[in-house]
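# Structure at a glance
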Amino acid sequence: MVRVSAPLLAALGLFADKVYGALEVNLDDQDSIKQAAALVAKDLLTFYHGDEPGMVPGILPGPPPDGDYYWWQGGAMWGTLIDYRHASGDKQFDDIISQALLFQVGPNEDFMPPNWTASMGNDDQAFWALSAMLATEVGYTNPPPDQAQWLSLAQAVFNEQTHEDRRVASGNCQWGLRWQVYPSNNGYNYINTIANACYFNIGSRLARYTDNSTYADLATKTWDIIQRLGYISKEWDVYDGAHLPDCTDINKAQFSYNAAMLLQGAAFMYNHTNDQIWKDRVDSLLDRTLEVFFPPPKNIAFEPSCEPGNCNADMESFKGYTARWLGTVMQLIPETHDKIYPILKTSAEAAVKQCTGGDNGRFCGFHWSTGVFDGKVGAGQQMDVLGTLTALLAPQTPGPLTNNTGGTSVGNVNAGSDAPLVPTLTPITGGDRAGAGIVTALMIAGSLSAFAWMSMD
């Protein structure tokens, strides 16, 4: 596996007496942030063995009991590293990132690899698609022409999750996206926020990237379902989900990635449409997200539904996604900067302060508000700190591309297994040179039909 090389460390000014000790960073200096982030990225990849002989590319060790991590977290990690790469300009991990993502695409080029399909959640599949969508938006190196392309992979997942087989056919939960893909899986009857939020997020970004209004229509429809079911409260708390038959037994656990996934998607929608309703949603959700997950007076990232003592390896990665997606919000809606950036900076300061663990004395823990390393290391903890440092670079980093502003990834109108799943019409926008219009007005008319941590079925 590619590691941070000695020449690179020397170029960054990180000599031996600096590398082996507590993580050091000047948060008022962009170069210092990049230097610290490079070390966190290096330490993150010590948990990855997929490039070693006999190991499976793309995944972190697991699932339990064989390791701490489920399949989805591999996809999330590559997104974290793509964001880091985009913000820092550090391309040394490109080969390993590309190999990992492409190895897991599966025979239908839809992030449904046979080894994981039987236990697949819609949110699991979506997290890999989110990394492919990010690669599309930041102009990450395209795969060889004979392999799946980043945009087409995101489209494939969106296509498949639009299909009625993934959705509730009737009743109060109608057209809600199920947590699990297959009826045999525990959680198939759980209609959770994260699966639907991921779909909303991908749809929002495809709408902006391709300028295809059908994506925007489906994203809006999904937001409306989430809000109607009460998963977003009147106070803008975001809850975890509810069960069939009627989705009224709402699990009121709050996790930052649920709120942040919706917030980032709403920011994409506002940036794309300039519709005030999306700005109002961003403002309200942002205020509540910062209040709940960066609680005053400390303003340090905190997971109230599991911290301090009950967070599992999945939950231990949420802080990093939330920080990264807040970074994107600042890029898409610059007037949010003064509200977001100071809180991220305060949180980053606390995060770095407790990165004193591991053999090299700079691995990070999870409980940042305590001010001391909590004694437990993991890929999630490293992703959290890396994501937070990366978010501090966001205001000086180019924002997401579209296919009209420099994006080059090639789409596929029929991406996904059994595609097209329902008849498709001509893409709505004639200028969509990436071929992104995979869902149609006919689909809307015909089909208008990871993680819940508390009680499943």
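Before reading further, recall that the structure is shown in the block above.
The notes below deal with the structure included here. (Residues numbered from 1 in each chain as written. Predicted model: local features only at pLDDT ≥ 70, side-chain atom pairs only at ≥ 80, totals over all residues. Heavy atoms only, no water.)

## Here's the deal with the overall build of the chain
Across its full length, the chain holds 16 helices and two strands. If you sum the accessible surface of the chain, you get close to 16,300 Å²; carbon and sulfur atoms cover 52% of it. (Helix = DSSP H or I, 4+ residues; strand = E, 2+ residues; numbered from the N terminus. Areas by Shrake-Rupley, 256 points an atom, 1.4 Å probe, with all protein chains shown as cover.)

## Describing the nonpolar core
With 142 residues, the main nonpolar core has Trp78, Leu81 and Phe127 as its most contacted residues. No other element matches helix H11 (residues 256–273), which puts 11 residues into this core. Contact partners of Phe127, with chain neighbours within four places excluded, come to Trp72, Gly75, Ala76, Ile194, Cys198, Tyr257, Met261, Tyr321 and Trp325. (Core = buried A, V, L, I, M, F, W, Y, C linked by side-chain atoms within 4.5 Å. Buried < 20%, exposed > 50% of the residue type's maximum accessible area, 1.4 Å probe, protein only. Contact = heavy atoms within 4.5 Å.)

## What about the state of the cysteines?
In total, this model carries three disulfides according to the counting rule given. Through a disulfide, Cys173 is tied to Cys247; the S-S separation comes to 2.2 Å. Between Cys173 and Cys247, the S-S dihedral sits near 130 degrees, and the bridge is therefore right-handed. Of the two residues, Cys173 is situated in the loop between helix H8 (150–162) and strand E1 (190–192) and Cys247 in the loop between strand E2 (241–243) and H11; the sequence distance between them amounts to 74 residues. The same class applies to Cys173 as to Cys247, namely buried. The connectivity of the disulfide-linked cysteines in the chain, indexed sequentially, is 1-2, 3-4, 5-6. (Disulfide = S-S within 2.5 Å.)

## Notes on the packing of helix H4 (residues 71–88) against helix H7 (residues 122–137)
Pairs of packed helices are described in terms of their axes, by the angle between the two and the distance that separates them. Two numbers describe how H4 lies on H7: the axes approach to 8 Å, and their chain directions differ by 15 degrees. For the element pair H4 / H7, the angle class is roughly parallel. Once H4 is placed against H7, the crossing between them reads as left-handed. Taking contact as the criterion, the partners of Trp71, Trp72, Gly74, Gly75, Ala76, Trp78, Gly79, Ile82 and Asp83 in H4 are, on H7, Asp124, Gln125, Phe127, Trp128, Ser131, Leu134 and Ala135. (Axes fitted to C-alpha atoms, helices over the stretch in contact; angles between N-to-C directions. Parallel < 35°, antiparallel > 145°, perpendicular 65-115°, else oblique. Left-handed = near helix turned anticlockwise from the far one by under 90°.)

## Concerning the packing of aromatic side chains
One pass over the structure, following the stated rule, counts 22 aromatic pairs. Ring geometry for Phe158 and Tyr215: centres 5.4 Å apart, planes at 70 degrees, overall edge-to-face. You can see Phe158 sitting in helix H8 and its partner Tyr215 sitting in helix H10 (residues 213–228), a full 57 residues away along the chain. Using a relative accessible area of 1% as the deciding quantity, one classes Phe158 as buried. Tyr215 gets classed as buried once you look at its relative accessible area, which sits at 0%. With a centroid separation of 6.2 Å and an interplanar angle of 75 degrees, the aromatic rings of Trp179 and Tyr190 are classed as edge-to-face. Taken together, the residues Trp179 in the loop between H8 and E1 and Tyr190 in strand E1 connect sequence positions 11 residues apart. As far as burial versus exposure is concerned, Trp179 and Tyr190 are alike and both buried. Linked through ring pairs, Trp72, Phe127, Phe255, Tyr257, Phe318, Tyr321 and Trp325 together constitute an aromatic cluster. The ring of Trp278 is capped by Arg281, whose NZ or CZ atom sits 4.5 Å from the centre of that ring. (Phe/Tyr/Trp six-rings, centres within 6.5 Å; stacked < 30°, edge-to-face > 60°. Lys NZ or Arg CZ within 6 Å of the ring centre and 35° of its normal.)

## Notes on empty space enclosed by the protein
If you add up the space inside the largest cavity, you get close to 310 Å³. Taken together, 27 residues form the lining of the largest cavity, with Asp83, Leu134, Gln264, Arg324 and Thr328 sitting closest to its centre. Elements that contribute at least two residues to the lining of the largest cavity include exactly H4, H7, H11, helix H13 (318–332) and helix H15 (379–393). (1 Å grid on protein atoms, 1.4 Å probe; cavity = no way out; pocket = protein on both sides within 12 Å on 5 of 7 lines; lining within 4 Å. Points joined across faces, edges and corners; volume = space filled by probe spheres on them.)

## Focus on H10
Over its 16 residues, H10 runs 22 Å from end to end, which matches the ideal 22 Å to within 8%, given 1.5 Å per residue. Looking only at H10, the buried set comprises Thr214, Tyr215, Ala216, Leu218, Ala219, Thr222, Trp223, Ile225 and Ile226. Regarding H10, its N-cap is Asn212, as a side-chain oxygen of that residue lies 2.9 Å from the backbone nitrogen of Thr214 further along. Positive backbone phi, approximately 85 degrees, marks Gly230, located one or two places after H10. (Expected span 1.5 Å × (residues − 1). Polar contact = N/O pair within 3.5 Å; in protein donor to acceptor, adjacent residues only side chain to side chain.)

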